[in-house]
Amino acid sequence: MAEAQAALGAAGLHFDELNKLRVLEPEAAQQTAQLREECGAFLDKIVEFQKIVGSLIELVDQLAKAAESGKMKAIGARNLLKSTAKQREAQEQQLQALIAEKKMQLERYRIEYETLCKTEADQNEFIDQFIFQK
C-alpha cells in the first residue's frame, strides 16, 4: 500500500482522510480549505465594513446639509440685519431732513410773528395818535 501511495504521489495523486483520490496533497487541500474559510470571513468583514462606511457617509452628508442650512440661515440673518440697519439709517436721514425743514419753518413763523407784532404795535400807535388828535 505504501508503494502504491508513493507511486501515486510521484504522479501527483494523493488520498485524503476519506480515502478519496485527490490531485492536491492533503496538507495543500487543507490549507486551501482554510484559506477559503478565511477569505469568506474576510469578505463578510469587508461587507460589514462597507455598510458601516456607507452609514457613516450618510451621517456625514446629513451633517453637511444641516451645516449648510445653518450657514444659509446665518447669511440670511446677516443680510437682513444689514438691510434693516440701512433702512434705519435712511429713515434717520429723512427724519433729520424733516427736523431741519420744520426748524426753518419755525424760524419763518417766528419772524412773521415778530413782524406782525410790530405791525400791530405800529397800527395801535397810529390809532392812538389818531384818537388823540381828534
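Residues numbered from 1 in each chain as written. Predicted model: local features only at pLDDT ≥ 70, side-chain atom pairs only at ≥ 80, totals over all residues. Heavy atoms only, no water.

Take the confidence of the model for the protein next. When the pLDDT values of the protein are averaged, the result is 88; 80% of them are 70 or greater. In the model of the protein, helix α1 (residues 2–10) stands out as the element of lowest mean pLDDT, 59, in contrast to helix α2 (residues 26–133), which has the highest, 95. (pLDDT = per-residue confidence, 0-100. Helix = DSSP H or I, 4+ residues; strand = E, 2+ residues; numbered from the N terminus.)

What follows deals with the pattern of salt bridges. Summed over the entire model, instances satisfying the criterion amount to 2 salt bridges. Between Glu107 and Arg110 there is a salt bridge, with its nearest N and O atoms 2.2 Å apart. Residue Glu107 and its partner Arg110 are both found in helix α2; the two are separated by 3 residues, about one turn of the helix. A relative accessible area of 36% places Glu107 in the partly exposed class. Between Arg110 and Glu114 there is a salt bridge whose closest N-O contact spans 2.5 Å. A residue pair is termed a helical-turn pair when its members lie 3 or 4 positions apart in one helix, as Arg110 and Glu114 do in helix α2 at 4 residues. Take Arg110: its relative accessible area is 37%, and that puts it in the partly exposed class. Taken together, the shared-partner salt bridges connect Glu107, Arg110 and Glu114 into one network. (Salt bridge = Lys/Arg side-chain N within 4 Å of Asp/Glu carboxyl O. Buried < 20%, exposed > 50% of the residue type's maximum accessible area, 1.4 Å probe, protein only.)

Aromatic rings in a pair are described by how distant their centres are and how their planes are angled relative to each other. For the structure on display, the rule yields 1 aromatic pair. On the numbers, 6.4 Å between centres and 20° between planes, the contact of Phe126 with Phe130 is stacked. With Phe126 and Phe130 both in helix α2 and 4 residues apart, the pair spans about one turn of that helix. Phe126 gets classed as exposed once you look at its relative accessible area, which sits at 55%. Overall, Phe130 belongs to the partly exposed group, its relative accessible area being 45%. (Phe/Tyr/Trp six-rings, centres within 6.5 Å; stacked < 30°, edge-to-face > 60°.)

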